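Architecture and fold: a report
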Amino acid sequence: MNNADILMGTNLSKRFDNLEVVKDVSLTVKEGEFVSLVGKSGCGKTTLLSLLSGLEKPTKGKVILNNKDITGASEDELALFRRDHVGFIFQSFNLIPTLSAWENVALPLFPIKMTGEQRSRRAHDLLNQMEMGHRIEHLPGALSGGEKQRVAIARALINNPKIVFADEPTGNLDSVTGEAIMAILNELHKKKGMTMLMVTHAEELAASADRVIRMKDGEVIA
Amino acid sequence: MNFHYVVKELYYQRRRTIISVAGLSIGIALFIILNALSLAYREAARAPLKEIGADITVQRAGNVPEELTGAVFPCSAITISREEVSKIEKIPGITGIGQAVLVWVFDLNRAWIVLGIERDNPIGPAILRNFVTEGRFLENGKQEALVEIGYARQFGIKLGDIVSVAGRLFPIVGLVDASRAPKIAVANLYLPLKDAQAIAVSSKPLQSVSPFAPGDVNLLFIKADQQQIISAAAAMKSILGEKAVIATPESFLKLLGSLFALSDKFTLAASLIAMLIAILIAFKTMAGNVSERAKEIGVMKAVGWTQQNVTMQFLMESVLQCFAAGLLGILIAIIVAFGLSFMTVNIPIPWEMSPTPHFLPGGGVQLYKTLRLPVHIPATLAFFALLLSVFVGGFTGALLGRHISKIKPSEVSRHE
Ligand SMILES: Nc1ncnc2c1ncn2[C@@H]1O[C@H](COP(=O)(O)OP(=O)(O)OP(=O)(O)O)[C@@H](O)[C@H]1O
Ligand SMILES: [Mg+2]
């Protein structure tokens, strides 16, 4: 595969008060690539992911995502950009406790003008793909950790993103459940050609990626 | 769909929703009740004049009679001339005038309060035709009289008797129950206006204190446009001079002495405070809600909700709650208003308006018009309260936009 670059971070730095958490990091992800980002706790992985995905603005440096320079974008422009091009999977699932499984999946679509039926159909399809067809009306509180993460993956996919950012997607799960979730993500990459950037601190999970980027104290070391 | 989320959220957080709706609704109810009470006292203050078919009564104070013999005017009601009446008729806003002559008659063995009335004028004491308990009302052009039932009993006067008043003879054709009749201009004997005028014209002691020409009167009952009562009253004062005694709904309101009756400002201030408390309750619960749901807001933003999308969501939650609180507040207010409508008010009738000499029965006794407080909630007030509560919801919801904008989408990456 010799695909185009879909994500390009150049000389990225992020400073919180006096603490420089990300230091002059440059990295590139190609379309269809599965990249994992590993490193010790506190080394700045989540922060770097936030910079690359447009959740947070860098103190210095530039991010080009899907051919768009998002560095100078406003908060709302970034929101709309994420809505249209980016999917997120988090360690702590981050489901809305009041909404049922399918409504959580459809959450990114709420502000978009479309019929309730269109939203619902898409959410149901994705939940069925995640083998969650039997839990569609359940509230997150009634779901197991693995089930919650499946709902979260379905939510990440509802806008047909160009790239999915996953921050320790198995971090809150036991190893068996974690493997099942990893299997879903691997399949997404292999069968659907989904571009993925995944943060983890477990070497064995990182191994399944096309490429591993290592971080230490805010810097990329390999 | 968003609305669905709003309802789900409010239901999920129902403890909070119930507390904020309840708190807010009490504020709204208080607002409605305070204003309804103020309106009720206002309406009550109109009652003493309304029951005699008028909005304003007019008389003029003068000198005390030199001696109590023959026919005299009470010092609270001396001559109002025909010219003055025709000037008053021309004041803008005045829609009708009733006239009467009130005289005290001291005959050898008896004193009378005598009221001369216009038989066919719906404005003024002719309303007494509804309170004739025996016999009939005065007939056109006849020299005859009605006597008040309590007075008749005391002095043994019966239907068909002929009584002598200031040297004139009047057959008694009816008995009037004044305890049920309007409290203003209560008398012992009721005569046709022209006979009372004739008595006044021919009385020397009366003429020496207050010259009285044929066609003059000493009591006026005036109907006026509600909006122009105050200006009309002022115009009359300038026609009749400083000694004019002009009773309006406002003057009765002052006599009522209630806090609500006394001052619009009190009602305004109290209802503003009620609304302020309501706003604070709404804001505090909504603000607590926002900070509790910071992570949730982070999620919405991370998955692509704009600042405006999130604010709209919270705005709808807040407006819906406040709308519900408004409806509940109206309901509470209706129930409280029903309870309050069993309260009675006693409106004191000034002695000048129903002057009984202190040595006659009822003299020196304070007269009251007693009625149930007419508390009701006008649709416009309820609608305004509802509008106000929705506005409170919108206002707090909009203020929350600022809190919401401080929450960053990267909030989602924090985990405890
Ligand atoms: N908003 C912030 N304000 C201040 N400091 C922050 C903020 N976010 C992160 N940090 C600090 O930056 C450093 C890196 O944090 P980050 O979450 O990126 O690490 P991480 O590699 O993802 O760690 P973990 O594996 O534990 O998730 C930490 O020391 C953290 O305390
Ligand atoms: Mg992290």
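Residues numbered from 1 in each chain as written. Chains lettered and ligands numbered in written order. Predicted model: local features only at pLDDT ≥ 70, side-chain atom pairs only at ≥ 80, totals over all residues. Heavy atoms only, no water.

1. Digging into the overall build of chain B
A tally of helices and strands in chain B yields 13 helices and 13 strands. In terms of principal-axis extent, the alpha carbons of chain B reach across some 105 × 40 × 35 Å. Out of the 416 residues in chain B, the part that is buried amounts to 54%. Taking the contacts inside chain B whose residues are at least 6 apart along the sequence as the reference set, 79% of them involve residues at least 24 apart. Working note: accessible area of chain B is about 18600 Å², and carbon and sulfur atoms make up 63% of it. (Helix = DSSP H or I, 4+ residues; strand = E, 2+ residues; numbered from the N terminus. Buried < 20%, exposed > 50% of the residue type's maximum accessible area, 1.4 Å probe, protein only. Contact = heavy atoms within 4.5 Å. Areas by Shrake-Rupley, 256 points an atom, 1.4 Å probe, with all protein chains shown as cover.)

2. A look at the overall build of chain A
Secondary structure summary: chain A contains seven helices and ten strands in total. Its C-alpha atoms give chain A a radius of gyration of 17 Å, near enough to 17 Å, the size a compact globule of 222 residues would have. Projecting the C-alpha coordinates of chain A onto the three principal axes gives extents of approximately 45 × 40 × 40 Å. Counting the 222 residues in chain A, one finds 56% classified as buried. In chain A, once contacts between residues fewer than 6 apart in sequence are set aside, the share between residues at least 24 apart is 69%. Working note: accessible area of chain A is about 9700 Å², and carbon and sulfur atoms make up 48% of it. Seen as two clouds, the 27 positive and the 28 negative side-chain charges of chain A have centres 2 Å apart. (Rg over C-alpha atoms; globule rule 2.2 N^0.38 Å. Lys, Arg positive; Asp, Glu negative; His and termini not counted. Charge placed at Lys NZ, Arg CZ, Asp CG, Glu CD.)

3. Let's talk about the sheet that holds strand β1 (residues 5-16) of chain A
Sheet strands line up and pair through hydrogen bonds in the backbone, either parallel or antiparallel. Residues and elements named next belong to chain A. Taken in spatial order, the four strands of this open sheet run β2-β1-β4-β5, and their pairing is antiparallel. Of all the strands in the sheet, just β2 (19-30) and β5 (68-69) have a single pairing partner and so form its edges. Pairing analysis gives eight bridges linking β1 to β2, with the strands arranged antiparallel. Its bridge partner lying in β2, D5 is registered against K30. Of the strands in this sheet, β1, β2 and β4 (60-65) are in contact with helix α1 (residues 45-53), which crosses β1 at around 125 degrees. (Pairing = 2+ DSSP bridges. Axes fitted to C-alpha atoms, helices over the stretch in contact; angles between N-to-C directions.)

4. Quick notes on the domain arrangement of chain B
All names here are of chain B. The domain architecture assigned to chain B consists of domain 1 (3-47 + 260-415) and domain 2 (56-247). Here domain 1 and domain 2 have C-alpha centroids that lie 49 Å from each other. Counting from both sides, the interface comprises 15 residues of domain 1 and, opposite them, 19 residues of domain 2. Counting across the domain 1 and domain 2 interface gives zero salt bridges. Here the residues of the side of domain 1 that touches domain 2 are counted per class, giving ten nonpolar, two polar and three charged. (Domains from an automatic or database assignment. Salt bridge = Lys/Arg side-chain N within 4 Å of Asp/Glu carboxyl O. Nonpolar A, V, L, I, M, F, W, Y, C, P; charged D, E, K, R; others polar.)

5. What about the confidence of the model for chain B?
Scored by pLDDT, chain B comes out at a mean of 89, with 96% of its residues at no less than 70. As scored by the predictor, the complex reaches a pTM of 0.79 and an ipTM of 0.94. (pLDDT = per-residue confidence, 0-100.)

6. Re the pairing of strand β4 (residues 110-117) of chain B
Residues and elements named next belong to chain B. A large share of β4 lies buried, amounting to seven of its eight residues. Across eight bridges, strand β3 (residues 94-107) lies against β4 in antiparallel orientation. Note that in β4 the partner of F106 across the bridge is A111. From the end of β3 to the start of β4, which pair antiparallel, there are two residues. Note: β4 against strand β9 (residues 189-192), four bridges, orientation parallel. Paired with G116 across the bridge in β9 is L191.

7. Some thoughts on the site of ligand 1
The local shell around ligand 1 holds 13 residues, among which A:S41, A:G42, A:T46, A:T47 and B:R414 are the closest. More than one chain approaches ligand 1, the contributing ones being chains A and B. A:E168 is positioned such that a nitrogen or oxygen atom in its side chain is 3.3 Å from an oxygen atom of ligand 1. Out of a free accessible area of 630 Å², ligand 1 has 68% covered by protein chains. With three residues, α1(A) is the single largest residue contributor to the shell around ligand 1. A class-by-class count of the residues in the shell around ligand 1 yields three nonpolar, six polar and four charged. (Near = heavy atom within 4 Å. Polar contact = N/O pair within 3.5 Å; in protein donor to acceptor, adjacent residues only side chain to side chain.)

8. With respect to helix α3 (residues 82-89) of chain B
Residues and elements named next belong to chain B. The set of residues buried in α3 consists of E84, V85 and I88. One face of α3 carries all of its buried residues, which in axial projection span an arc of 100 degrees. Opposite its buried face, α3 presents the exposed residues R82, E83 and K87, each directed more than 90 degrees away. Buried residues along α3 sit against β1 (56-60), β3, β10 (219-224) and α7 (229-240). (Arc of directions from axis to C-beta.)

9. Re the packing of aromatic side chains
Residue and element names in this part refer to chain B. The tally for this structure, following the rule as stated, stands at 13 aromatic pairs over all chains. Here Y5 and W305 contribute two aromatic rings whose centre-to-centre distance is 6.3 Å and whose plane-to-plane angle is 85 degrees, an arrangement assigned as edge-to-face. Remark: W305 occurs in the loop between α11 (294-302) and α12 (307-340) and Y5 occurs in helix α1 (residues 2-12); sequence separation between them is 300 residues. Here the two residues Y5 and W305 agree in accessibility, since each one is buried. (Phe/Tyr/Trp six-rings, centres within 6.5 Å; stacked < 30°, edge-to-face > 60°.)

10. Observations regarding the interface of chain A and chain B
On the chain B side, the residues contacting the 29 residues of chain A number 25 residues. When chain A packs against chain B, the two sides together hide about 2600 Å² of surface, and 62% of this comes from carbon and sulfur. If you look at where chain A meets chain B, you find two salt bridges. The salt bridge partner of B:K408 is A:E56, with a shortest N-O separation of 3.1 Å. Inspection of the chain A/chain B interface yields ten residue pairs in polar contact (both at pLDDT 80 or more). Elements with a contribution of two residues or more to the side of chain A that touches chain B: α1, α2 (75-85) and α3 (101-106) of chain A. Top contributing element to the side of chain A that touches chain B by residue count: α2(A), with six residues. (Buried area = accessible area lost by both parts, 1.4 Å probe.)

11. Here we look at the nonpolar core
Within the largest apolar cluster, 89 residues are counted, with the highest numbers of intra-cluster contacts made by A:L7, A:L48, A:L107, A:L127 and A:F165. When residues of this core are assigned to their parent elements, the largest contribution, six residues, is made by helix α5 (residues 145-157) of chain A. In terms of nonpolar packing, the next biggest core, distinct from the first, is built from 69 residues, B:Y41, B:A54, B:F221 and B:A282 among them. (Core = buried A, V, L, I, M, F, W, Y, C linked by side-chain atoms within 4.5 Å.)

12. Quick word on unusual backbone geometry
Residue and element names in this part refer to chain A. The phi angle at D17 is positive, at roughly 55 degrees, despite the residue not being glycine. Inspection of the secondary structure assignment puts D17 in the loop between β1 and β2. In the Ramachandran plot, F93 falls in the positive-phi region, its phi being about 60 degrees despite a non-glycine side chain. By the element assignment, F93 lies in the loop between β6 (86-89) and α3.

13. Focus on the side chain of B:S76
All names here are of chain B. Note that S76 resides in the loop between β2 (70-72) and α3. Using a relative accessible area of 4% as the deciding quantity, one classes S76 as buried. In this structure, S76 is in contact with Q59, R60, A61, W351, E352 and P355, ignoring residues within four places of it in sequence.

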